Amino acid sequence: MSSIPDLIKKKRDGETLSDEEIKTFIQAVAKETMQDCQIGAMLMAIWLKGMVDAETSTLTREMMSSGDVMSWPKEWAGHVVDKHSTGGVGDKVSLVLAPALAACGLKVPMISGRGLAFTGGTLDKLESLPGYNVNQSAEQILEILESVGCCIVGQTKKLVPADRVLYAMRDATSTVDSLPLITGSIISKKGAESLNALVLDVKFGRAALYKDLESAKKLAQSLVNAGNSLGMRTGAALSSMDGVIGRCVGNSLEVIESVETLKGKGPKDLMELVTTLGGVLLKMTGSASDLSEGKKKISDAVIGGAALKKFQNMIEKQGVAKETAHSLCSAKTDYFSIMRKSKHQVELKTPAEGIIEDIDGLVLAEITHNLGAGRSKAGEAINHSVGAELLVSLGQRVGKGESWLRLHYDDRAPTSNQMNRLKDAVTVGKQTDTPKQHPSFVKELLLPDAL
Ligand code: URA
């Protein structure tokens, strides 16, 4: 068997590692028998020389097998699904999609993450709800899926331990942005959920990790290949991320917008993403004969209220008091009697009359993050009430001096520099006779078979 320095040398010299060699590396990482300097050197060798598809698949499989792999009752075979997003501004898709999929008869053991840097985390959003507990044991997850069909929980310590070690080392060695390492990290965790189908929302644009469609497509293809190699039917949507998904950014505000969407009053762009990603999963599991039937089923589950009922049951199972869950999901809800409202709100005005041509989502995300909505290092407390509400949409005609943004803040008040950046985040174009439509987020689908 090769020694660890031999393996590092082989990758350093640009050779392809065998399945056995990758297994040796990952087991040494998981069992903590490898020195940190050796892990760092191997990560840098992978970053520099890359991996062929077969190596990436083996890396992903070995990472998945480094810890517990969930198992499900055999009656659920073919119906266990999840989605992963590479991170967007105001990305609350999971909060609507998980219950909609459950309402369509699928099982959704959604294991989500927390926000870091300017991207929000689904777990942080749900924790705006008093009592919501993201920590659920494998037995509790099984019970919630049995009775409700979906859960949104945090990762347990026993799932993919190799990723925990590698992720921390990647951060410390500037090797985060490596296609095989990102692929191994994301897909191993989804593989450990023992899914039958997985859909990925890979974002590109100003407010995404990947700025252009071509580089996002490379990541999407790598993720799709690795997911399919583990036996999960895996598809991806490539969607643009320049503005905001829906109208709200910030934890409590995004929960409110998600619940409104589940009451059938959601913005069109959010519904487009939810129905497309859900439609792909319904098609891949054979629960719909084609994509358009899949989209319609998801849309009906949301508009008809079945998904709202699932959401209510899910949050109750995950610790929210029965009366609170009921009141949140009733026809008329005073949301701020359930979630705290920030102490201050300020409205920004349009600089001219015309058409809303652009809204810079990255600026909104960065400023609300700095005002307390996000964290700059793991474990930091966040303020769930801080955020921003768009009062206009792209393509809308506005007059001069109309309110276009409501900023919610608490003790950390925006500085004049931050207010100026926010003011510049909207572009009002020349007035034309016909207002433009909101452009579609989803630019392309990568699917295992043509749908
Ligand atoms: N999310 C992950 O879990 N891992 C990565 O490497 C990137 C995003």
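Look above for the structure.
Participant: Honestly, the overall build of the protein chain in this entry has me stumped. Any pointers?
Facilitator: Scanning the protein chain for helices and strands turns up 18 helices and 13 strands. Over its C-alpha trace the protein chain gives a radius of gyration of 22 Å, about what one expects of a compact globule, namely 22 Å for 451 residues. Along the longest, intermediate and shortest principal axes, the C-alpha atoms of the protein chain span 70 × 50 × 45 Å. For the protein chain, the proportion of contacts with a sequence separation of at least 24, taken over those separated by at least 6, is 79%.

Participant: Please explain unusual backbone geometry as it appears in this structure.
Facilitator: Apart from glycine, the bulk of residues carry a negative phi angle, and the bulk of peptide bonds sit in the trans form. Unlike most non-glycine residues, Ser174 shows phi in positive territory, near 55°. In this fold, Ser174 is placed in the loop between α8 (161-172) and α9 (179-191). With relative accessibility at 58%, the residue Ser174 sits in the exposed group. One non-glycine residue, Ser194, lies in the positive phi region at around 50°. Assignment of secondary structure puts Ser194 in the loop between α9 and β4 (197-204).

Participant: So what exactly am I meant to see when it comes to the packing of aromatic side chains here?
Facilitator: Centre-to-centre distance and the angle between the planes together describe a pair of aromatic rings. All told, the structure shown has one aromatic pair when counted by the stated rule. Measuring from centroid to centroid gives 5.8 Å for Trp72 and Trp76, while their planes differ by 25°, and the two rings are stacked. Each member of the pair, Trp72 together with Trp76, is buried.

Participant: Looking at this structure, I do not really get the sheet that holds strand β13 (residues 442-446). What am I missing?
Facilitator: Pairing between the strands of a sheet is mediated by backbone hydrogen bonds and can be parallel or antiparallel. One open sheet accounts for four strands, arranged β1-β4-β5-β13; its pairing is mixed. The strands lining the two open edges of the sheet, one partner per strand, are β1 (81-85) and β13. When the angles between neighbouring strand axes are averaged without regard to direction, this sheet yields 15°. Inspection of the sheet shows β1 paired to β4 by five bridges, in the parallel sense. In the strand pairing of β4, Asp82 is matched with Leu198. Relative to β1, α9 is tilted by about 160°, and along the sheet it contacts β1 and β4.

Participant: Whenever I open this one, the nonpolar core confuses me. Can you help?
Facilitator: A general tendency of soluble globular proteins is for nonpolar side chains to be buried together. Within the largest apolar cluster, 140 residues are counted, with the highest numbers of intra-cluster contacts made by Phe25, Leu129, Phe311, Leu328 and Trp404. Discounting residues that sit within four places of it in the chain, Trp404 has contacts with Leu348, Lys349, Thr350, Ile359, Leu364, Glu389, Leu390, Leu391, Val392, Leu422, Ala425 and Val426.

Participant: For this particular structure, what's the right way to read helix α2 (residues 19-30)?
Facilitator: One turn of an α-helix holds 3.6 residues; hence residues three or four places apart share an orientation. Along its twelve residues, α2 runs 16 Å from first to last C-alpha, staying within 8% of the 16 Å computed at 1.5 Å per residue. Residues of α2 that are buried include every one of Glu21, Ile22, Thr24, Phe25, Ile26, Ala28 and Val29, and no others. Looking at the buried residues of α2, the elements they touch are α1 (4-12), α3 (36-49), α4 (53-64) and α8. Within two residues after α2, Glu32 carries a phi angle of roughly 60°, on the positive side.

Participant: Please explain the site of the ligand as it appears in this structure.
Facilitator: All residues in the neighbourhood of the ligand are listed as Tyr167, Arg170, Ile182, Ser185, Ile186 and Lys189. Contacts to the ligand include Arg170, whose side-chain N or O atom sits 2.9 Å from an oxygen atom. One of the side-chain nitrogen or oxygen atoms of Lys189 is found 2.5 Å away from an oxygen atom of the ligand. The protein chains hide 76% of the 230 Å² of surface that the ligand would expose on its own. No other element matches the four residues that α9 contributes to the shell around the ligand. The class makeup of the residues in the shell around the ligand is three nonpolar, one polar and two charged.

Participant: Quick question: what am I supposed to make of the environment of Asp424 here?
Facilitator: Its place among the elements puts Asp424 in the loop between α18 (416-423) and β12 (426-429). For the pair Asp424 and Ile186, spaced 238 residues apart in sequence, the C-alpha separation works out to 35 Å.

Participant: When you look at the sheet that holds strand β11 (residues 403-409) in this model, what are you seeing that I'm missing?
Facilitator: Strand order in the open sheet made by the four strands is β6-β9-β11-β7, with antiparallel pairing throughout. With partners counted over all chains shown, the strands left at the sheet margins are β6 (248-249) and β7 (344-349), one partner each. When β7 meets β11, the two strands line up antiparallel, connected through six bridges. Its bridge partner lying in β11, His344 is registered against Tyr409.

What counts as what
- Residues numbered from 1 in each chain as written.
- Predicted model: local features only at pLDDT ≥ 70, side-chain atom pairs only at ≥ 80, totals over all residues.
- Heavy atoms only, no water.
- Helix = DSSP H or I, 4+ residues; strand = E, 2+ residues; numbered from the N terminus.
- Rg over C-alpha atoms; globule rule 2.2 N^0.38 Å.
- Contact = heavy atoms within 4.5 Å.
- Buried < 20%, exposed > 50% of the residue type's maximum accessible area, 1.4 Å probe, protein only.
- Phe/Tyr/Trp six-rings, centres within 6.5 Å; stacked < 30°, edge-to-face > 60°.
- Pairing = 2+ DSSP bridges.
- Axes fitted to C-alpha atoms, helices over the stretch in contact; angles between N-to-C directions.
- Core = buried A, V, L, I, M, F, W, Y, C linked by side-chain atoms within 4.5 Å.
- Expected span 1.5 Å × (residues − 1).
- Near = heavy atom within 4 Å.
- Polar contact = N/O pair within 3.5 Å; in protein donor to acceptor, adjacent residues only side chain to side chain.
- Areas by Shrake-Rupley, 256 points an atom, 1.4 Å probe, with all protein chains shown as cover.
- Nonpolar A, V, L, I, M, F, W, Y, C, P; charged D, E, K, R; others polar.

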